[in-house]
Amino acid sequence: MTTTTKEEQFLSSAISLATDNVHNSGGPFGALIVTLDGRAFEGANRVTATNDPTAHAEVMAIRNACTALETFDLSGSTLYTSCEPCPLCLSAALWARVDAVVFAADRNDAAQAGFDDAVFYDFFATPVEDRIMPVRHYELTPSAEVTALAPFEAWSNLVARVDY
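The chain has the name Nucleoside deaminase in an unreviewed UniProt entry, where Arthrobacter vasquezii is given as its organism.

1. Thoughts on the overall build of the chain
A tally of helices and strands in the chain yields seven helices and four strands. Listing every helix and strand of the chain by position from the N terminus yields α-β-β-α-α-β-α-β-α-α-α. Projected onto the principal axes, the alpha-carbon positions of the chain cover approximately 60 × 40 × 30 Å. Across the chain, contacts joining residues at least 24 apart in sequence account for 43% of those joining residues at least 6 apart.

2. A word on the pairing of strand S2 (residues 40–44)
Bridging between strand S1 (residues 30–34) and S2 involves five bridges; their strand directions are antiparallel. What sits directly across from Ile 33, in S2, is Phe 41. In this antiparallel pair of consecutive strands, S1 and S2, the connection spans five residues, and Gly 38 shows a positive phi of 90°.

3. Quick word on the pattern of salt bridges
Here the structure, examined in full by the defined rule, presents four salt bridges. A salt bridge links Arg 107 to Glu 84; the shortest N-O distance between them is 2.9 Å. With Arg 107 in helix H5 (residues 107–112) and Glu 84 in the loop between strand S3 (78–83) and helix H4 (87–95), this pair connects stretches of sequence that are 23 residues apart. Relative accessible area serves as the criterion here: at 17%, Glu 84 is assigned to the buried category. We note a salt bridge from Arg 161 to Asp 163, for which the minimum N-O separation is 2.7 Å.

4. Section: the UniProt feature "domain: CMP/dCMP-type deaminase" (unreviewed entry) in the chain
The UniProt record annotates "domain: CMP/dCMP-type deaminase" (unreviewed entry) at residues 5–118. Helix makes up 45% of residues 5–118 and strand 19%, with an end-to-end C-alpha separation of 31 Å.

5. Considerations on H4
Since one α-helical turn is 3.6 residues long, residues separated by three or four positions face the same way. Those residues of H4 lying buried are Pro 87, Cys 89, Ala 92 and Ala 93. Here the buried face of H4 lies against helix H3 (57–69), S3, strand S4 (100–105) and helix H6 (118–123). Looking at the residues trailing H4, positive phi occurs at Arg 97, about 65°.

6. Considerations on the layout of surface pockets
If you add up the space inside the largest pocket, you get close to 560 Å³. Around the largest pocket, the lining comprises 27 residues; the ones closest to its centre are His 56, Cys 86, Leu 88, Asp 117 and Phe 120. Mapped by element, the contributors of at least two residues to the lining of the largest pocket are helix H2 (47–50), H3, H4, H5 and H6. Top element by residues in the lining of the largest pocket is H4. It accounts for four residues. For the lining of the largest pocket, a count of residues per class yields 18 nonpolar, five polar and four charged.

7. Looking at the nonpolar core
One finds Ile 33, Ile 62, Leu 74, Leu 79 and Val 98 to be the most contacted residues of the largest nonpolar core, which totals 20 residues. Put simply, the parts of the chain that give this core at least two residues each are S1, H3, S3 and H4. The element best represented in this core is H3, accounting for six residues. Here Ile 62 is in contact with Ile 33, Leu 74, Ala 92, Ala 93 and Ala 96, once residues within four sequence places are set aside. Ranked by size, the runner-up nonpolar core spans seven residues in total, among them Leu 11, Leu 17, Leu 32 and Val 34.

8. A word on the sheet that holds S1
Pairing in this open sheet of four strands is mixed, and the strands run S2-S1-S3-S4 from one edge to the other. Bordering the open sheet on either side are S2 and S4, each of which pairs with just one other strand. Along the sheet, successive strands turn relative to each other by an average axial angle of 15°, direction set aside. Against the sheet, H3 touches S1, S2 and S3, its axis set at about 140° to S2.

The rules behind the values
Residues numbered from 1 in each chain as written. Predicted model: local features only at pLDDT ≥ 70, side-chain atom pairs only at ≥ 80, totals over all residues. Heavy atoms only, no water. Helix = DSSP H or I, 4+ residues; strand = E, 2+ residues; numbered from the N terminus. Contact = heavy atoms within 4.5 Å. Pairing = 2+ DSSP bridges. Salt bridge = Lys/Arg side-chain N within 4 Å of Asp/Glu carboxyl O. Buried < 20%, exposed > 50% of the residue type's maximum accessible area, 1.4 Å probe, protein only. UniProt positions renumbered as here; feature names shortened; annotations may be inferred. 1 Å grid on protein atoms, 1.4 Å probe; cavity = no way out; pocket = protein on both sides within 12 Å on 5 of 7 lines; lining within 4 Å. Points joined across faces, edges and corners; volume = space filled by probe spheres on them. Nonpolar A, V, L, I, M, F, W, Y, C, P; charged D, E, K, R; others polar. Core = buried A, V, L, I, M, F, W, Y, C linked by side-chain atoms within 4.5 Å. Axes fitted to C-alpha atoms, helices over the stretch in contact; angles between N-to-C directions.

Have a look at this one:
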């Protein structure tokens, strides 16, 4: 089987997942994580079905793969998705160390269907003072009990930690 045929097969599966999910109280998005050895882990958008704004298809596929493989590192895998990943999903793929992303429909197709993520794509390019949601740093008053660096100090001192 050629790479193109495999990609078409995986994308077709992601599109079928998305289409089926529409009829199962979910959004029109589906995804697969495919490992180097060919194992595939599915995910479908469950945002409205579970009232979880992070339950995007790509995130669900990553969660399913990580749970089944008992790892948080998906190096060597590819994410196939019915639509171009939004910034949340792209970030999740980066954190999971996914090697590549292949998508079918793009963000403009999604926007025409009512899923316009442009504001999220633009967020980081917008000057801090003009962003739609303020994100600001607050300097804590140093005290003996709580400091901003306490969690990092605890992490650095933990001998049995699992780095990621």
